[in-house]
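# Survey of secondary and tertiary structure
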Amino acid sequence: MPHLPASTPLDIQLRRPYTSLGVFLPAGMTDPADEQRTIDALADSRADLFEIGVPCRTPFLDGPVIASAYYEALARGTHVHDVLGTVSYASRRALVVVMTYWESVALYGPRRFAREMKTVGAAGIMVVDLPDAQARIWSDTLAEAGLSSPRLVLPHTTDDTLAQACATASGWLYAPAAQESTGYQGPLDLAALACSVRRLRKASALPVVAGIGISTPALARAVAPLVNGVMVGSPIVGALASTGREAAAALVADFATAVGTPVAEASRG
């Protein structure tokens with residue numbers, strides 16, 4: 001059975017004694033030259049990881065900010081081969097995990113998708129709606145390509161399903177900080193998140209990251225000690241769409257300052 005060694009790039013990054021900051025960026029929001037300037041600005045603002053989103057016509061787990069960015073990218077003609085260019089450039093500045101829905105992988109061809117993402121520098125691919133029936137085959141496909149297979153684990157996942165997810169995961173386990181679509185801006189139940197993170201750590205030795213609903217640097221500061229990585233998307237994408245690159249970069253810097261705290265001993269995994 002194919003498997004990745006414990007010391008993958010994602011493991012190394014996320015096991016450092018501070019909380020890493022991941023920034024989500026949908027591919028194709030602007031033309032390639034402008035997109036590259038955005039990547040540079042966000043990387044210079046201390047993003048440790050990039051999550052590059054593959055535009056999807058039915059992003060049912062995403063709220064209006066990211067869904068709108070996807071629709072605009074698709075209207076611009078963005079295809080998976082364009083995403084490869086985004087990943088290639090972003091991987092020169094930071095580690096890259098490709099974020100995608102299964103539909104895009106299936107239409108492109110899973111082996112081709114994995115192989116080509118690896119070729120352009122991706123460290124892993126996270127399929128947010130990975131079908132249970134495809135999980136083992138997909139995990140093996142990524143391992144054969146030399147890629148990590150991060151898994152999204154919902155808070156109310158059954159013990160059996162959690163065990164299956166952990167068995168097909170590598171790189172990290174993703175704990176939603178809110179049980180809402182991306183872009184949620186309300187309060188977070190930190191006690192519930194801490195409980196979810198403890199459950200994941202009991203089930204797996206993989207690092208844990210949290211995202212969804214971490215809408216402000218203050219919330220990021222509160223979440224950071226619980227996990228190995230904090231992922232922010234809608235606040236940055238919204239800033240890019242409404243106020244521009246400089247404002248988005250400044251916000252990334254604020255998030256980086258907020259999460260730049262030592263990880264609690266019990267949270268290192």
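Details of the structure are given in the entry above.
Residues numbered from 1 in each chain as written. Predicted model: local features only at pLDDT ≥ 70, side-chain atom pairs only at ≥ 80, totals over all residues. Heavy atoms only, no water.

## Points about the packing of aromatic side chains
How two aromatic rings sit relative to each other is given by the distance of their centres and the angle of their planes. According to the stated counting rule, one finds four aromatic pairs in the structure shown. Plain terms: the ring middles of Phe-60 and Tyr-101 are 5.5 Å apart, the flat faces sit at 55° to each other, and that makes the pair tilted. On the criterion of sequence distance, the pair formed by Phe-60 in the loop between strand 2 (49-53) and helix 3 (64-75) and Tyr-101 in the loop between strand 3 (95-100) and helix 5 (102-108) is long-range, its members being 41 residues apart. Under the relative-accessibility criterion, Phe-60 is labelled exposed at 54%. Here the aromatic rings of Trp-102 and Trp-138 are separated by 5.6 Å at their centres, their planes lie at 85°, and the arrangement is edge-to-face. Taken together, the residues span a long stretch of sequence, with Trp-102 in helix 5 and Trp-138 in helix 7 (residues 135-145) at a distance of 36 residues. Using a relative accessible area of 2% as the deciding quantity, one classes Trp-138 as buried. Its guanidinium or amino end placed over the ring of Tyr-108, Arg-112 lies 3.9 Å from that ring's centre, counting from NZ or CZ. (Phe/Tyr/Trp six-rings, centres within 6.5 Å; stacked < 30°, edge-to-face > 60°. Helix = DSSP H or I, 4+ residues; strand = E, 2+ residues; numbered from the N terminus. Buried < 20%, exposed > 50% of the residue type's maximum accessible area, 1.4 Å probe, protein only. Lys NZ or Arg CZ within 6 Å of the ring centre and 35° of its normal.)

## Thoughts on the pattern of salt bridges
Counted under the stated rule, the structure contains nine salt bridges. We note a salt bridge from Arg-15 to Asp-11, for which the minimum N-O separation is 4.0 Å. Residue classification places Asp-11 among the buried residues on the basis of a relative accessible area of 6%. Put simply, Arg-245 and Asp-34 hold a salt bridge, and the shortest N to O gap is 2.4 Å. Note that Arg-245 is positioned in helix 12 (residues 245-259) and Asp-34 in helix 2 (residues 32-44), a separation of 211 residues in sequence. It is possible to trace a salt-bridge network through shared partners that takes in Asp-34, Arg-37 and Arg-245. (Salt bridge = Lys/Arg side-chain N within 4 Å of Asp/Glu carboxyl O.)

## Comments concerning the nonpolar core
Phe-50, Phe-113, Met-117, Trp-138, Trp-172 and Ile-214 are the most contacted members of the largest nonpolar core, which totals 90 residues. Considering each element in turn, this core owes the most residues, seven residues, to helix 12. The contacts of Phe-50, once residues within four sequence positions are left out, are Val-23, Ile-39, Leu-42, Ala-43, Ala-90, Arg-93, Ala-94, Leu-95, Val-96 and Val-97. (Core = buried A, V, L, I, M, F, W, Y, C linked by side-chain atoms within 4.5 Å. Contact = heavy atoms within 4.5 Å.)

## Let's talk about the packing of helix 4 (residues 80-90) against helix 6 (residues 110-119)
A packed helix pair is summarised by two numbers, namely the angle formed by the two axes and the spacing between the axes. As a packed pair, helix 4 and helix 6 sit with axes 9 Å apart at the nearest point and diverge in direction by 25°. Here helix 4 is positioned roughly parallel relative to helix 6, judged by the angle of their axes. Crossing handedness for the pair helix 4 and helix 6: right-handed. Mapping the contact onto sequence places Val-80, Val-83, Leu-84 and Val-87 in helix 4 and Phe-113, Glu-116 and Met-117 in helix 6. Per-class residue counts for the contact of helix 4 with helix 6 are six nonpolar, no polar and one charged. (Axes fitted to C-alpha atoms, helices over the stretch in contact; angles between N-to-C directions. Parallel < 35°, antiparallel > 145°, perpendicular 65-115°, else oblique. Left-handed = near helix turned anticlockwise from the far one by under 90°. Nonpolar A, V, L, I, M, F, W, Y, C, P; charged D, E, K, R; others polar.)

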